[in-house]
Amino acid sequence: MVIDPMVGDLAGETAALREAGPVVRVDLMGAPAWTITAHAEARRLLTDPRLVKDIQQWGLWRSGAVTAEWPLIGLVDASRSMFTEDGPEHRRLRVKTAQAITPRRLEASRPLIEGITARLLDGLAERAAQATERAGGPGAAAHEGTSQAAAHAGTSGAAPGGGGPVGGGPGDGAVDLKAAFALPLPMSVVCALMGVDPELEPRLHELYELFFSTVTPQDQRLAVFAELDELYHDLVRQKTAEPGDDLTSALIQADEGGELLTAEEVRGNLEAMVAAGHETTVGLIVCAVRALLTHPDQLRLVLAGEIGWDAVIEETLRWESPSTHLLMRFATEDIEVGGTTVREGEGVVMSYRAIGRDREQHGPDADNFDIRRETPVRHLAFGHGPHICPGAALSRLEASIALPALFARFPGMRLAVPPEQVRNRPVLTQNELESLPVFLYS
Ligand code: HEM
């Protein structure tokens with residue numbers, strides 16, 4: 001199966017992958033690989049030491065059939081970090097980062113997340129009022145939220161790329177919930193956590209949009225890699241000279257068994273945290289909102305307090321896994337899995353979106369979004385084994401603050417376009433919607 005780099009029909013692709021079996025031969029922009037689509041097989045492989053991240057184990061890389069020109073190379077041959085290493089080296093690189101995201105640090109970031117959320121909600125109300133006024137709509141300025149929005153005018157939290165008006169036509173009162181709310185929130189949070197200057201956030205959004213897109217021209221892609229490397233290099237230098245109360249400073253000072261991480265290792269971990277820590281959470285928030293707006297009976301249960309936001313978050317993670325296809329691991333020897341032999345040197349992808357729809361794990365109605373499931377959802381959306389996501393608790397915290405605050409402020413919110421018009425961006429690895437046009441008021 002060819003994995004569509006334009007992501008024209010993600011739902012159709014997930015269904016076809018599931019149909020094709022637990023281990024499927026795929027083409028990734030010209031590179032053949034195997035992908036895992038089933039929960040049990042994924043769980044098994046994610047703890048199998050014969051599958052490693054080291055690109056030197058990839059037969060296609062060793063033979064030169066795949067080179068640095070391959071459009072997805074940045075997702076496999078990243079700077080040395082916990083994301084790229086295995087075994088004791090992986091543990092050494094990861095342990096301090098994972099340990100530093102303590103419950104205390106998470107709790108300390110709650111007021112920050114609440115503050116950013118409140119500011120973005122004010123901005124949303126203001127945008128909707130402006131859009132409605134431009135459209136000559138009825139008394140938008142009288143809506144709740146507009147006065148707070150005016151009071152906060154000029155504060156940060158402005159959405160990259162504008163955030164509205166969108167939808168049926170300019171000035172129809174719709175706003176893009178992704179650009180104006182879901183997109184800036186996780187980036188601001190992860191930047192604050194890592195000690196990245198907030199002024200860099202708009203540029204980081206631009207760079208990562210180019211980084212993840214499958215249609216970025218090669219020369220521009222290389223320029224993006226170089227600019228990101230330099231930006232993080234400068235940050236590590238600055239934090240070495242003037243440590244702060246942030247995770248990058250903690251990593252610089254960290255030592256495992258007396259050994260400090262090198263500046264390059266700190267930079268790699270920092271890059272991995274920012275890259276992995278924003279777009280996935282954007283996907284979680286946007287997809288949860290879309291799922292609720294397209295399942296109004298379930299939204300009513302949540303708004304009535306009959307079902308908790310945790311159930312919404314876990315069901316969204318399962319049903320619309322933010323990480324769609326995770327690249328890549330390589331077999332150091334032949335591995336039998338799901339009736340297939342993955343040969344030494346072959347690449348293996350985890351198709352987490354398909355894994356979340358596994359009927360053997362989640363029941364015959366796995367394709368339905370249903371927050372009323374009786375047994376707790378045991379999904380693999382954050383991975384499993386040694387590389388399991390160290391940011392899981394943080395992203396759950398972000399969503400558990402953002403979603404209730406959004407619906408408390410705009411309980412009448414509705415989609416501004418038919419659901420089938422909401423498209424994915426050309427990003428192969430994450431579930432990235434182009435936009436989510438909504439009307440904030442019913
Ligand atoms: C790893 C998903 C949020 C940082 C992973 C993996 C998955 C994942 C599936 C494991 C990949 C694999 O090896 O197969 C998600 C999802 C998120 C999320 C769905 C949000 C809804 C975050 C956040 C951060 C973060 C907020 C940081 C603040 C990382 C890092 C790794 C990782 C650094 C690599 C860990 C390693 O290789 O040891 N994530 N993630 N993620 N995630 Fe997340």
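Residues numbered from 1 in each chain as written. Predicted model: local features only at pLDDT ≥ 70, side-chain atom pairs only at ≥ 80, totals over all residues. Heavy atoms only, no water.

Q: Is there a simple way to explain the site of the ligand in this structure?
A: Every one of the 27 residues lining the ligand counts as a neighbour, but His90, Arg329, Tyr352, His387 and Cys389 are closest to it. Within the side chain of Tyr352, a nitrogen or oxygen atom sits 2.6 Å from an oxygen atom of the ligand. Elements with a contribution of two residues or more to the shell around the ligand: α4 (87-100), α12 (263-293), β7 (326-331) and α17 (392-409). Top contributing element to the shell around the ligand by residue count: α12, with six residues. (Near = heavy atom within 4 Å. Polar contact = N/O pair within 3.5 Å; in protein donor to acceptor, adjacent residues only side chain to side chain. Helix = DSSP H or I, 4+ residues; strand = E, 2+ residues; numbered from the N terminus.)

Q: I keep staring at the nonpolar core and nothing clicks. Help me out?
A: General note: in soluble globular proteins, nonpolar side chains tend to be found buried as a group. Ranked by size, the top nonpolar core spans 110 residues in total, and within it Leu28 and Trp70 carry the most contacts. It is α12 that contributes the most residues to this core, 14 residues altogether. Those residues in contact with Leu28 that lie beyond four places of it in its chain are Ile3, Ala33, Trp70, Leu72, Leu327, Met328, Val349 and Leu428. Counting residues in hydrophobic clusters, the runner-up holds 16 residues, among them Ala42, Leu46, Val342 and Ile355. (Core = buried A, V, L, I, M, F, W, Y, C linked by side-chain atoms within 4.5 Å. Buried < 20%, exposed > 50% of the residue type's maximum accessible area, 1.4 Å probe, protein only. Contact = heavy atoms within 4.5 Å.)

Q: How should helix α5 (residues 103-134) be read in this particular structure?
A: Along an α-helix, residues three or four positions apart point the same way, because every turn accommodates 3.6 residues. Over its 32 residues, α5 runs 46 Å from end to end, which matches the ideal 46 Å to within 8%, given 1.5 Å per residue. The largest bend in α5 amounts to roughly 30° and is located at Arg110, with the proline Pro111 lying one to four residues further along. (Expected span 1.5 Å × (residues − 1). Bend = angle between axes of the 7 residues up to and from the residue.)

Q: For this particular structure, what's the right way to read the confidence of the model for the chain?
A: Regions with low pLDDT carry predicted coordinates that are not meant to be interpreted in detail. When pLDDT is averaged across the chain, the result is 90; 90% of the residues are at 70 or more. Within the model, the stretch residues 139-162 combines pLDDT values under 50 with 35 contacts to residues more than four positions away or in other chains. Taken as a whole, residues 167-171 scores under 50 in pLDDT and shows eight contacts with residues more than four places along the chain or in a different chain. Overall fold confidence (pTM) sits at 0.92, and the ipTM for the predicted complex is 0.98. (pLDDT = per-residue confidence, 0-100.)

Q: Would you mind going over the environment of Val312 with me for this structure?
A: By the secondary structure assignment, Val312 is in helix α14 (residues 309-319). Here Val312 falls in the buried class, since its relative accessible area comes to 0%. The spacing of Val312 and Lys53 is 259 residues in sequence and 32 Å in space, taken between C-alpha atoms.

Q: Can you help me understand the coordination of the iron atom of the ligand in this one?
A: Ideal geometry at a metal gives 109.5 degrees between four tetrahedral donors and either 90 or 180 degrees between six octahedral ones. You will see that the iron atom of the ligand has only one donor from the protein, Cys389 (SG), lying 2.3 Å away. Looking at the secondary structure, you find Cys389 in the loop between α16 (359-362) and α17. (Donors = N, O, S within 2.8 Å, 3.2 Å for Na, K, Ca; no water.)

Q: What's the story with unusual backbone geometry in this structure? I'm lost.
A: Outside of glycine, negative phi angles account for most residues, and trans bonds account for most peptide bonds. At the junction of Leu327 and Met328, the peptide bond is cis and its omega measures out at -20° in the coordinates. Assignment of secondary structure puts Met328 in strand β7. One non-glycine residue with positive phi stands out, namely Met29, at about 50°. Met29 gets classed as partly exposed once you look at its relative accessible area, which sits at 22%.

Q: Help me understand the sheet that holds β7, please; the structure alone is not making it clear to me.
A: Think of a sheet as strands paired side by side through backbone hydrogen bonds, with each pair either parallel or antiparallel. Across the sheet, which stays open at both edges, the five strands sit in the order β1-β2-β10-β7-β3 with mixed pairing between neighbours. Taken across any chain shown, the strands that pair with only one partner, and hence form the sheet edges, are β1 (23-28) and β3 (51-52). As judged from the two bridges shared by β3 and β7, these two strands associate in the antiparallel manner. Counterpart to Val52 in the pairing with β7 is Phe330. (Pairing = 2+ DSSP bridges.)

Q: Sorry if this is basic, but what is going on with helix α10 (residues 218-241) here?
A: Helix length check: α10 (24 residues) gives 35 Å between terminal C-alpha atoms against 34 Å at 1.5 Å per residue, within 8%. Those residues of α10 lying buried are Gln218, Arg221, Val224, Phe225, Leu228, Leu231, Tyr232, Leu235, Val236 and Lys239. On its buried side, α10 packs onto α9 (201-212), α11 (247-253) and α12.

Q: Please explain the side chain of Gln298 as it appears in this structure.
A: In this structure, Gln298 sits in helix α13 (residues 296-303). Of note is the side chain of Gln298, whose polar atom sits 2.8 Å from the backbone oxygen of Phe369. What Gln298 contacts, discounting residues up to four positions off in sequence, is Phe369, Asp370, Ile371 and Arg372.

Q: Where do I start with the pairing of β7 in this structure?
A: A regular strand carries its side chains on alternate faces of the sheet. Buried residues dominate β7, accounting for five of its six residues. Summarising the sheet, β7 and strand β10 (residues 347-350) pair through three bridges and their orientation is antiparallel. The residue bridging Arg329 from the neighbouring strand is Val348, located in β10.

Q: Would you take a moment to explain the state of the cysteines for this structure?
A: Covalently bonding the sulfur atom of one cysteine to the sulfur atom of another cysteine gives a disulfide. This structure, assessed with the given rule, holds zero disulfides. Considering cysteine sulfurs only, Cys389 is the nearest to Cys191, which forms no disulfide, with 16 Å between them. Here Cys287 stays unpaired: no disulfide links it, and the sulfur of Cys389, its closest cysteine neighbor, is 16 Å away. (Disulfide = S-S within 2.5 Å.)

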